[in-house]
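Each chain is listed here by its residues.
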Amino acid sequence: MLAVLAFAVVRPRGWLEAAGAVPAAALGMAVGPVASHEAWRQTHSLLHVVIFLVLILVLDQLCADEDLFEAVGSTVERRCGSGGEAR
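In this numbering scheme, every chain counts its residues from 1 along its sequence in written order. The predicted nature of this model means local features are confined to residues of pLDDT at least 70 and side-chain atom pairs, given and counted, to a pLDDT of 80 or more, with totals for whole chains, interfaces and linings taken over all residues. With hydrogens and water stripped out, all remaining heavy atoms of the structure feed into the side-chain values.

Caption draft 1: Here's a closer look at the overall build of the protein chain. Helix numbers and strand numbers start at the N terminus; a helix is a DSSP run of H or I with at least 4 residues, a strand a run of E with at least 2. On a plain count of helices and strands, the protein chain comes out with 5 helices and 0 strands. Beginning at the N terminus, the succession of helices and strands in the protein chain can be written as α-α-α-α-α. Only the C-alpha atoms count toward the radius of gyration. The rule for a globule is 2.2 Å times the residue count to the power 0.38. Relative to the compact-globule value of 12 Å for 87 residues, the protein chain shows a C-alpha radius of gyration of 19 Å, a clear excess of over 25%. Its C-alpha atoms give the protein chain principal-axis dimensions of about 60 × 30 × 25 Å.

Below, the structure written as structure tokens:
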């Protein structure tokens, strides 16, 4: 669990967090702490949440690819000034 968290924080070479989390989940099911049928049952019961999170991550990546966050930050800086006070 800590290795997956560290991987998500460091994100080597811009890899997605799933590159560390999916193999770790598979290892957890293979070694035995989590039974595969239980993991699938939980995923199925939380499917609406999983789909929502996947869509949010895709939207985040699309916004980052189009530099939307930088554009919004620049707009806020222009409107508020570099001191952070509203004009």
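Caption draft 2: Molecular detail of a negative patch on the surface. Patch membership requires over 30% relative accessible area and the absence of a salt bridge. Like charges are linked within 9 Å, and nonpolar side chains (Val, Leu, Ile, Met, Phe, Trp, Tyr) within 5 Å. Only the protein chains shown count as cover for residues, and the accessible areas themselves come from Shrake-Rupley with a 1.4 Å probe. Within this document, salt bridges are pairs made up of a side-chain nitrogen of Lys or Arg and a carboxyl oxygen of Asp or Glu, the two lying within 4 Å of each other. In this tally Asp and Glu are treated as negative and Lys and Arg as positive; neither His nor the chain ends contributes. A single reference atom marks each charge: NZ on Lys, CZ on Arg, CG on Asp, CD on Glu. On the surface, Asp-65, Glu-66, Asp-67 and Glu-70 cluster together to form a negatively charged patch. With respect to the helices, strands and loops of the structure, Asp-65 is situated in helix α4 (residues 47-65).

Caption draft 3: Molecular detail of α4. One less than the residue count of a helix, multiplied by 1.5 Å, gives the span that helix is expected to have. A rise of 1.5 Å per residue sets the reference length of α4, with its 19 residues, at 27 Å; its end C-alpha atoms lie 27 Å apart and thus fit the reference within 8%. After α4 finishes, the residue Asp-67 shows a positive phi value of roughly 60°.

Caption draft 4: Examining the confidence of the model for the protein chain more closely. pLDDT runs from 0 to 100 and stands for how confident the predictor is about each residue. Looking at the protein chain, pLDDT values average 85 and 93% of them are 70 or higher. Ranking the helices and strands of the protein chain by mean pLDDT puts α4 first, with 92, and helix α1 (residues 2-10) last, with 83.

Caption draft 5: Summary view of unusual backbone geometry. Positive phi is not limited to glycine here, since Asp-67 has a value of about 60°. Following the sequence through the fold, Asp-67 ends up in the loop between α4 and α5 (68-80). Exposure classes here rest on a 1.4 Å probe applied to the protein chains alone. A residue is buried below 20% of its type maximum, exposed above 50%, and partly exposed in between. Note on Asp-67: relative accessible area 45%, which makes it partly exposed.

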